[in-house]
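Summary of the model geometry
The primary structure of each chain is shown beneath.
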Amino acid sequence: MLTVSPYIILRGKAKPAIMFYQSVFGGELAITMQSEYNPDPAVADLVMHGQLTTDTFTLMVSDDPRSGEELPSGNIQICVWGDDLETARAWFTALSDGADVTTPFAPQMWGDHYGDLTDKFGVSWSVDAGTPS
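As a starting point, this report considers the structure included with it. As the structure is a computational prediction, the values presented were derived from the model and not from experiment.

Here's the deal with the sheet that holds strand β8 (residues 124-129)
Pairing in this open sheet of 4 strands is mixed, and the strands run β5-β8-β7-β6 from one edge to the other. Strands at the two margins of the open sheet, each flanked by one partner only, are β5 (77-82) and β6 (100-107). Across the sheet, the mean angle from the axis of one strand to that of its neighbour is 10 degrees, orientation sign disregarded. In this structure, β5 lies alongside β8, joined through 6 bridges in parallel fashion. In the strand pairing of β8, Trp81 is matched with Asp128. The sheet contacts of helix α2 (residues 85-95) involve β5, β6, β7 (113-118) and β8, and relative to β6 the element is tilted by about 160 degrees.

Next comes the structure, spelled out in structure tokens:
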């Protein structure tokens, strides 16, 4: 079996980001800092690997230790979807803290509740909750 998980690469914001995501989604958090494996003091406070494991998904983050280089962008959006409207609304509201909300979470013409935003760490999210079958 293989599993696919989002892995977010940030520049010096991985630790506050993964801690924020834990406050939104709950779950078990594990963080490995660069200082545990890399003797370079310039990167000691950066996250080598952060992992948030919830009941339904795993989210990972890391700080890119390179300086002065532009981070590559693939125009990725993390999509949270399902049929639990109240949890979807709560997660969207929590992710909205400091975010640029593009589409407020509300009923849409296709029948679902949907919203999208770019959070305070620059990560794009969409949240969609349909009606249970």
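What follows picks up the thread again.
Here we look at the packing of helix α1 (residues 14-25) against α2
In the contact formed by α1 and α2, the axes pass within 9 Å of each other and the chain directions differ by 150 degrees. By the criterion of interaxial angle, the relationship of α1 to α2 is roughly antiparallel. Between α1 and α2 lies a crossing of right-handed hand. For the pair α1 and α2, the contacting residues are Phe20, Tyr21, Val24 and Phe25 in the first and Trp91, Ala94 and Leu95 in the second. The residue makeup of the contact of α1 with α2, split by class, is 7 nonpolar, no polar and no charged.

What to know about the side chain of Asp63
Along the polypeptide, Asp63 turns up in strand β4 (residues 58-63). Despite being buried, Asp63 has no salt bridge partner; Arg11 is the closest side chain of opposite charge, sitting 7.6 Å away. A polar side-chain atom of Asp63 sits 2.7 Å from the main-chain amide nitrogen of Gly12. A distance of 3.0 Å separates a polar atom in the side chain of Asp63 from the backbone nitrogen of Lys13. Contacts of Asp63, omitting those with residues within four sequence positions, involve Leu10, Arg11, Gly12, Lys13, Ala14, Leu46 and Val47.

A closer look at the nonpolar core
Of all hydrophobic cores here, the largest spans 27 residues; its most connected members are Ile8, Tyr21, Phe25, Leu59, Leu95 and Trp125. Listed by contribution, the elements that provide at least two residues to this core are β1 (7-10), α1, β3 (47-53), β4, β5, α2 and β8. Ranked by the residues each element gives to this core, the list is headed by α1, at 7 residues. Apart from residues no more than four positions distant in its own chain, Leu59 is found in contact with Pro6, Ile8, Ile18, Tyr21, Gly50, Gln51, Leu52, Ile78 and Trp125.

What about the sheet that holds β4?
One open sheet holds the 4 strands; their spatial order is β1-β4-β3-β2, and the pairing between them is mixed. At either margin of the open sheet sits one strand with a lone partner, and together these are β1 and β2 (28-33). Along the sheet, successive strands turn relative to each other by an average axial angle of 15 degrees, direction set aside. Taken together, the 4 bridges between β3 and β4 define a ladder with antiparallel strand orientation.

Side note on α2
Among the residues of α2, Ala88, Trp91, Phe92 and Leu95 are the ones counted as buried. When α2 is viewed along its axis, its buried side chains cluster within an angular range of 100 degrees and face the same direction. Residues Glu86 and Thr93 are exposed on α2 and point more than 90 degrees away from its buried face. Of the surrounding elements, those touching the buried residues of α2 are α1, β5, β6, β7 and β8.

Cut-offs used in this document
Residues numbered from 1 in each chain as written. Predicted model: local features only at pLDDT ≥ 70, side-chain atom pairs only at ≥ 80, totals over all residues. Heavy atoms only, no water. Pairing = 2+ DSSP bridges. Helix = DSSP H or I, 4+ residues; strand = E, 2+ residues; numbered from the N terminus. Axes fitted to C-alpha atoms, helices over the stretch in contact; angles between N-to-C directions. Contact = heavy atoms within 4.5 Å. Parallel < 35°, antiparallel > 145°, perpendicular 65-115°, else oblique. Left-handed = near helix turned anticlockwise from the far one by under 90°. Nonpolar A, V, L, I, M, F, W, Y, C, P; charged D, E, K, R; others polar. Buried < 20%, exposed > 50% of the residue type's maximum accessible area, 1.4 Å probe, protein only. Lys, Arg positive; Asp, Glu negative; His and termini not counted. Salt bridge = Lys/Arg side-chain N within 4 Å of Asp/Glu carboxyl O. Polar contact = N/O pair within 3.5 Å; in protein donor to acceptor, adjacent residues only side chain to side chain. Core = buried A, V, L, I, M, F, W, Y, C linked by side-chain atoms within 4.5 Å. Arc of directions from axis to C-beta.

By themselves, these observations are geometric and do not establish any function.
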